[in-house]
Each structure stands twice: as C-alpha cells, then as structure tokens.
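# Structural characterization, general
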Amino acid sequence: MRVNAYAAPAAGEPLAATTIERREVGAHDVLIAIEWAGICHSDIHTVNGDWGPQPFPVVPGHEIVGTVTEVGPEVSTHRVGDRVGVGCMVNACGECDNCRNGDEQYCREGMVGTYAATDRDGTTTQGGYSTHVVVDAGYVLSVPEGLDPAAATPLLCAGITTYSPLKHWKAGPGTKVAVVGLGGLGHMAVKIAHAMGAEVTVLSQSLKKQEDGLRLGADHYFATSDPGTFEALAESFDLVINTVSAKIDVNAYLGLLAVNGTLVNVGAPPEPLPVNAFSLIGGRRSFAGSMIGGIAETQEMLDFCAEHGIVSDVEVIRADQVNEAYERVLASDVRYRFVIDASTLD
C-alpha cells in the first residue's frame, strides 16, 4: 500500500514529501489512519546523523495518534473506529526475560524502533510523518476518550519517557524531585511528578520560563546559570530527572542529591557525560538512565494522564512546516511540542 509521507533523504538534508510502501495487514496487525504525529528531538538527532548512520530515506515520527481502519483476523484488542496510539517501538522478541517482564523496550534481542529500524521480517520501519501505518496489535495503545488527541500525541514518547523513571524511583508525596530543563520532556516531567504528589523544582538555564514552570505544576524554579543555585540546593533532592539532550556538568547535579538520591538521564546527548566517582561515593548516590517504558506501562501512563487531565502543551503545524519546526526545536522556540496535522499530507 502506497501512502504519503515526509522523509529525510540523507543525513542533514531537509525533509521532503514522498510516498512509501506499507505492508499489507497481517493476521495480527492493525492499520491506523494517522491523524497526529509529534516531533521529538530524537527525530532530529536521527535525521542529522548524530546517532550514527541511518537507513535513509527515513520517515521519522514515534508519537502517533490515529484511528483504526482495518484489523487482522487474529486481532481482538482493537476494533475499526478505535482511537489508538503508537509510541517508540513496534516490535520485540516477546520471549526474553525483559519482554516477559513487561520491559519490551529493553528486549535482549533489541526492540524494534518505530522508524529507522529493522523489523523482524527484515524490512525497515518508517514512522509517523505519514498518512497510514501498519503495526502489530500488541504494540498499539488505546488512547482514552478524555484526552485531546493532538495534545495527547506527545505522551507516546515524552509522556512515557518521564513517567517511567518517576514511577520506578517512586516519586510521590514526601519526595523532592528536580527536573532539569523545561522543554518537550521537561514540561511533561513537571506535570506528571506534580500529579504523583511530589514536591517539584525546575532547574533551567534562566528564569525566562519561570511563569510557565509554576503554571505547569512546579513548586520552585531556579536558574542554573546562577552559581548560587548549586550551593543553595546542595543535597536537596531525592530524584533529579535530566531531560536535556546536551552535555551538562553531571557532577554538579549529583551534588544536588540527598543521601541515596538518584540522577536519571532521559535526555540523550551525542557526547559522553563524564562522572567523577567521588560525586557518587560521598552520598551513596546513583547516576542512572531510563528509556521509555513497556507497552503495559505506556498504557498505564495514558490512563494516569486521562485520570489527572494531563496532556502536552502543543503547537499544531502542517507537514510542510516540519523543517522550520526542526530549526525552532534546536533554537528552543517551542512551548512545548510540535504536532503535525497528518491530514495535511493528503
């Protein structure tokens, strides 16, 4: 099936309109008419070649919301007409310990990314900047009716990327959580941590987004460009979520942790982040990483967000504005996530 899409033809080149081939709907597949596709910083890293060679041409997009238009004969979890979502993965082995434990994102055989990955049938996956996608039903999420579909789209990556570590490290009443960066990931971390009942502090380079941070649910807001911030907040936090996809002074942020505190990296900078062992030893601190969540946890996150009225702050754009949107993301000129109206691909 040929469908319209926007693709990057080569590393660093602008995305352009094209058509791609989608597989026929198999026994366990769902055909989704895409309505909304979020733009993630990961898309930009991928098409720019920041994370190594890619199987160009690449259709990015792993935040997808749409409507089911066809299901395979063995599918019982979704029906035609259902509003559904697809996140960052579309397949995994399903047999390893991690998959059986609900952590398909850490599949020992390698989870299959929604785009620029090799699927288990040998084909290259292509993402959500397109009109339709065919996905194994086991990797399709139900989007609760109470969520605005466009604003819910970034939950499929930004939402689960921040929900998973907040849940794993037990953010909640009586815990102090700091969020580094108030961007696409950071603003979701603030909303979710607040809904979980934690005391939330935003750590941003400047105070220019302070009003936004407090509106989104932060209790406190500090500028990291002020050297006094790291002195004033030393040993303050149980959990620090770093959402920045750029190099930071990890050791300075480790100093903000209380005894037994954890700094979790969810941003993915292309360069290494050096860590001084003494920054960990002094307070039995941990430096950790986290990557999205399993399918069951992602559904749990969507239901949690529906219960608490949480969606992303979005700016909806046409497909032909995607290159401009990339430039604006790199310039931090979006509050806080771009979402493509997929109807503009027709």
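A few words on the nonpolar core. Membership of the largest hydrophobic core comes to 92 residues, with the highest contact counts inside it found for Ile-39, Tyr-129, Leu-166 and Val-177. No other element matches helix H5 (residues 184–196), which puts 7 residues into this core. Every residue in contact with Ile-39, bar those within four places of it in the chain, is listed here: Glu-63, Tyr-129, Ile-317, Val-322, Ala-325, Tyr-326, Arg-337, Phe-338 and Ile-340. Among the nonpolar cores identified, the runner-up in size contains 14 residues, and Val-180, Leu-203, Leu-233 and Leu-256 belong to it.

Moving on: H5. Residues three or four positions apart in an α-helix share a direction because the helix packs 3.6 residues into each turn. Spanning 13 residues, H5 covers 19 Å between terminal C-alpha atoms, matching the ideal 18 Å at 1.5 Å per step. Of all 13 residues in H5, 11 are buried; the element is thus mostly enclosed. Within the span of H5, buried status applies to Gly-184, Leu-185, Gly-186, His-187, Met-188, Ala-189, Val-190, Lys-191, Ile-192, Ala-193 and Met-196. Those residues of H5 hidden inside the fold are in contact with helix H4 (158–168), strand S10 (176–180), strand S11 (199–204), helix H6 (210–216), helix H10 (295–308) and strand S17 (337–341). Immediately downstream of H5, the backbone of Gly-197 shows phi near 100°, a positive value.

Moving on, we get to H10. The first and last C-alpha atoms of H10 sit 20 Å apart over 14 residues, in line with the 20 Å expected at 1.5 Å per residue. Where H10 is buried, its residues meet strand S6 (89–91), strand S9 (141–142), H4 and H5. A positive phi of about 65° marks Gly-309, the residue just after H10.

Right, let's get into the side chain of Thr-262. On the secondary structure map, Thr-262 appears in strand S14 (residues 257–265). The class of Thr-262 is buried, set by a relative accessible area of 5%. In contact with Thr-262, other than residues within four places in its own chain, are Trp-169, Asp-238, Leu-239, Val-240, Leu-257, Ser-286 and Ala-288.

Before going further, it helps to examine the layout of surface pockets. Taken as a whole, the second largest pocket spans an internal volume of roughly 290 Å³. In this structure, the second largest pocket is lined by 16 residues; those nearest its centre are Arg-22, Arg-23, Thr-124, Thr-125 and Gln-126. Those elements that provide at least two residues to the lining of the second largest pocket are strand S2 (16–21) and strand S8 (132–136). Element by element, the count of residues in the lining of the second largest pocket is highest for S8, at 4 residues. Of the residues that constitute the lining of the second largest pocket, the class distribution is 5 nonpolar, 5 polar and 6 charged.

What counts and how
Residues numbered from 1 in each chain as written. Predicted model: local features only at pLDDT ≥ 70, side-chain atom pairs only at ≥ 80, totals over all residues. Heavy atoms only, no water. Core = buried A, V, L, I, M, F, W, Y, C linked by side-chain atoms within 4.5 Å. Buried < 20%, exposed > 50% of the residue type's maximum accessible area, 1.4 Å probe, protein only. Helix = DSSP H or I, 4+ residues; strand = E, 2+ residues; numbered from the N terminus. Contact = heavy atoms within 4.5 Å. Expected span 1.5 Å × (residues − 1). 1 Å grid on protein atoms, 1.4 Å probe; cavity = no way out; pocket = protein on both sides within 12 Å on 5 of 7 lines; lining within 4 Å. Points joined across faces, edges and corners; volume = space filled by probe spheres on them. Nonpolar A, V, L, I, M, F, W, Y, C, P; charged D, E, K, R; others polar.

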